[in-house]
Amino acid sequence: MSRRASTFPRKSSSDDVAQTGLTPKTAARVIRFDRARRLLGAEARFGRPPLLADLAMRCGYFDQAHLAREFRSLAGCPPSQWLAEEFRNV
């Protein structure tokens, strides 16, 4: 770890891409999306209606539209459709 801390940022970034296949920016995007997806699922499991604007804020998105765009991009569908498909038997 101490050896890695002394490396240059570009070298560190290229090491991250080599290890994960994702750039740091893309990895952060995927992690933020995963957090939003998990929180949305938890709300649905507890029977609470999802408040997407609040969820967007809690997860670091600029607004609800930003969250919806990320869902379409990474999940292939908007949050409402993801919920319907994910919890159709619940």
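Residues numbered from 1 in each chain as written. Predicted model: local features only at pLDDT ≥ 70, side-chain atom pairs only at ≥ 80, totals over all residues. Heavy atoms only, no water.

Thoughts on the nonpolar core
Residues Leu-40, Leu-55, Tyr-61, Leu-67, Phe-71 and Trp-82 are the most contacted members of the largest nonpolar core, which totals 14 residues. Where this core is concerned, the elements lending two or more residues are α3 (24-45), α4 (52-58), α5 (64-75) and α6 (79-86). (Core = buried A, V, L, I, M, F, W, Y, C linked by side-chain atoms within 4.5 Å. Buried < 20%, exposed > 50% of the residue type's maximum accessible area, 1.4 Å probe, protein only. Helix = DSSP H or I, 4+ residues; strand = E, 2+ residues; numbered from the N terminus.)

Focus on the side chain of His-66
Its location among the elements puts His-66 in helix α5. In contact with His-66, other than residues within four places in its own chain, are Arg-32 and Tyr-61. (Contact = heavy atoms within 4.5 Å.)

Structural notes on the packing of aromatic side chains
Enumeration according to the criterion identifies three aromatic pairs in this entry. The interplanar angle of 65° and the centroid separation of 5.9 Å between the aromatic rings of Phe-71 and Trp-82 together place this pair among those described as edge-to-face. A residue pair is termed long-range when its members are at least 10 positions apart, and Phe-71 in helix α5 and Trp-82 in helix α6 qualify at eleven residues. Accessibility assignment for this pair places Phe-71 and Trp-82 in one class, buried. Consider the rings of Trp-82 and Phe-87, whose centres lie 6.2 Å apart with planes at 80°: the pair is edge-to-face. (Phe/Tyr/Trp six-rings, centres within 6.5 Å; stacked < 30°, edge-to-face > 60°.)

A closer look at the environment of Arg-35
Looking at the secondary structure, you find Arg-35 in helix α3. According to the relative accessible area criterion, Arg-35 is partly exposed, its value standing at 36%. The sequence separation of Arg-35 and Arg-58 amounts to 23 residues, and the corresponding C-alpha distance is 9.5 Å. Setting aside chain neighbours within four positions, we find Arg-35 in contact with Arg-58 and Cys-59.

Observations concerning the packing of α3 against α6
At a minimum axis distance of 11 Å, the contact between α3 and α6 shows a crossing angle of 55°. Judged by the angle between their axes, α3 and α6 are oblique. Like other packed secondary-structure pairs, α3 and α6 cross with a definite hand, here right-handed. Contact residues: α3 offers Arg-37, Leu-40, Gly-41 and Ala-44, while α6 offers Pro-79, Trp-82 and Leu-83. Its residues placed into classes, the contact of α3 with α6 shows five nonpolar, one polar and one charged. (Axes fitted to C-alpha atoms, helices over the stretch in contact; angles between N-to-C directions. Parallel < 35°, antiparallel > 145°, perpendicular 65-115°, else oblique. Left-handed = near helix turned anticlockwise from the far one by under 90°. Nonpolar A, V, L, I, M, F, W, Y, C, P; charged D, E, K, R; others polar.)

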